[in-house]
Structure formats: structure tokens, C-alpha cells
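Spelled out, the chains give:
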Amino acid sequence: MSTPSRLQIDPTTNLPRVTSFGELSNFLRTSVADEESRSVSQSMSQLSVHVESIIAALKLNRERTVVAPMLVDFLTVLRVHRNLVVNLGLTWRGLYEYAGYLQALNNFRVLIGQWLLDGGPRSAQLLLTAEDFELVGWRTLGEGMLMVDMYENWVSQDQAEQSTLAAPNEPQVARALAWWQKLRR
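Summary of the structure given here. (Residues numbered from 1 in each chain as written. Predicted model: local features only at pLDDT ≥ 70, side-chain atom pairs only at ≥ 80, totals over all residues. Heavy atoms only, no water.)

Topic: the packing of aromatic side chains
Two aromatic rings are characterised by how far apart their centres lie and by the angle between their planes.
Point 1. Within the structure shown, the criterion is met by five aromatic pairs.
Point 2. Between Phe74 and Phe108 the ring centres are 5.3 Å apart and the planes differ by 65°, which places this aromatic pair in the edge-to-face class. You can see Phe74 sitting in helix H3 (residues 64–86) and its partner Phe108 sitting in helix H5 (residues 96–117), a full 34 residues away along the chain.
Point 3. When its relative accessible area of 2% is taken as the criterion, Phe108 is described as buried. (Phe/Tyr/Trp six-rings, centres within 6.5 Å; stacked < 30°, edge-to-face > 60°. Helix = DSSP H or I, 4+ residues; strand = E, 2+ residues; numbered from the N terminus. Buried < 20%, exposed > 50% of the residue type's maximum accessible area, 1.4 Å probe, protein only.)

Here we look at H3
Point 1. Its 23 residues give H3 an end-to-end C-alpha distance of 31 Å, which sits within 8% of 33 Å, the value for a rise of 1.5 Å per residue.
Point 2. All buried positions along H3 are accounted for by Arg64, Val67, Ala68, Leu71, Phe74, Leu75, Val77, Leu78, His81 and Val85. (Expected span 1.5 Å × (residues − 1).)

Overview of a nonpolar patch on the surface
Point 1. There is a patch of nonpolar side chains on the surface, built from Trp179, Trp180 and Leu183 and spanning about 380 Å² of accessible area.
Point 2. With respect to the helices, strands and loops of the structure, Trp180 is situated in helix H7 (residues 170–184). (Patch = residues over 30% accessible without salt bridge, like charges linked within 9 Å, V, L, I, M, F, W, Y side chains within 5 Å. Areas by Shrake-Rupley, 256 points an atom, 1.4 Å probe, with all protein chains shown as cover. Salt bridge = Lys/Arg side-chain N within 4 Å of Asp/Glu carboxyl O.)

Function cannot be read off these values alone, since they describe shape.
Have a look at this one:
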């Protein structure tokens, strides 16, 4: 039996949903299965703050002198976060969602580099739109949220299984001892 998701469920689709970066931050703040989970969640929160500020800047204007430094700073934050993800334990790396998230992070880094180069360095405006950046930001952070949620479901399921295996009750112990005695005769 799987643990229910901590994400808000959309009643029309019966699927989890997050509609704002604020909801994303709330989800990430409650992700505390262990220290690694806490670190990943805090780092993803930092990513979401940067994504949100870049989207706001792009909505105001797409001037290279304003947005390009923000994108370069974001590349640094993204690189640090990716290093954190790459150094996660074996449990994380065993998740199917881990590879998907790592690929999404790599794609985001490549796209930012392309967006910075598009139009050439002498171009006054970036060709990047707020909508394009928001789409890639949501896709990447969505992959990360899925990975965190699956990891925490796995951890809680594993802990539940360990607690049921940890202490056999008295009738089980008595039956096991009786069986053992029969074998020894």
C-alpha cells in the first residue's frame, strides 16, 4: 500500500497539482524525511526563488544587461544544486525519478546557455520570453518535486515495513520455538 502524496489533489483530474511557486515552496518545506531530503528541498526552494525572480524580470523587459546577469547567477545556483543531486545516496539514485530529474537539470543548464548566446552578445534584447523560461522552470522543478515525493513515500513505506518486522508478537515466538523444538528431535 502506498503512502498518499502530500501534494494538493485536483478534484477534477484526481492528480496532484501545484499552481504557484509559493505552493511549491510550501511543499518543499514539509519535505523532511531525512537530512538529504531536507538539503534537496532547501536547494530546490532556492531554485524556485531564482526562477520566479527571472520570470518577473522577463515580464518587465528582456534587456540583455538586466536579465543576462540574473541568468548567469542562476547557472551558478543550478550548478551547486546539481552537484548536491549528483552526490545523493544510493537510495535516491535507485529511484526512476532521479535520472529524469538529473536530465531535466542538465537540459535547463544547456537551455540557459543557448538563451544567453541567442541573438549574439551585441543584441540589446534576449530572445528568451518569460513564458518559455517559466515552462522550463516548472518542468524542471516538477521533476524534482516528483523525485522528492517518491523518495519520501519510499522511506515512509520502508519504515512501516521495518516496524512490522521488528518485533514479533508472543504467539509468533511460541510457534517458532515449538517448530524449532520439533526440528531438534
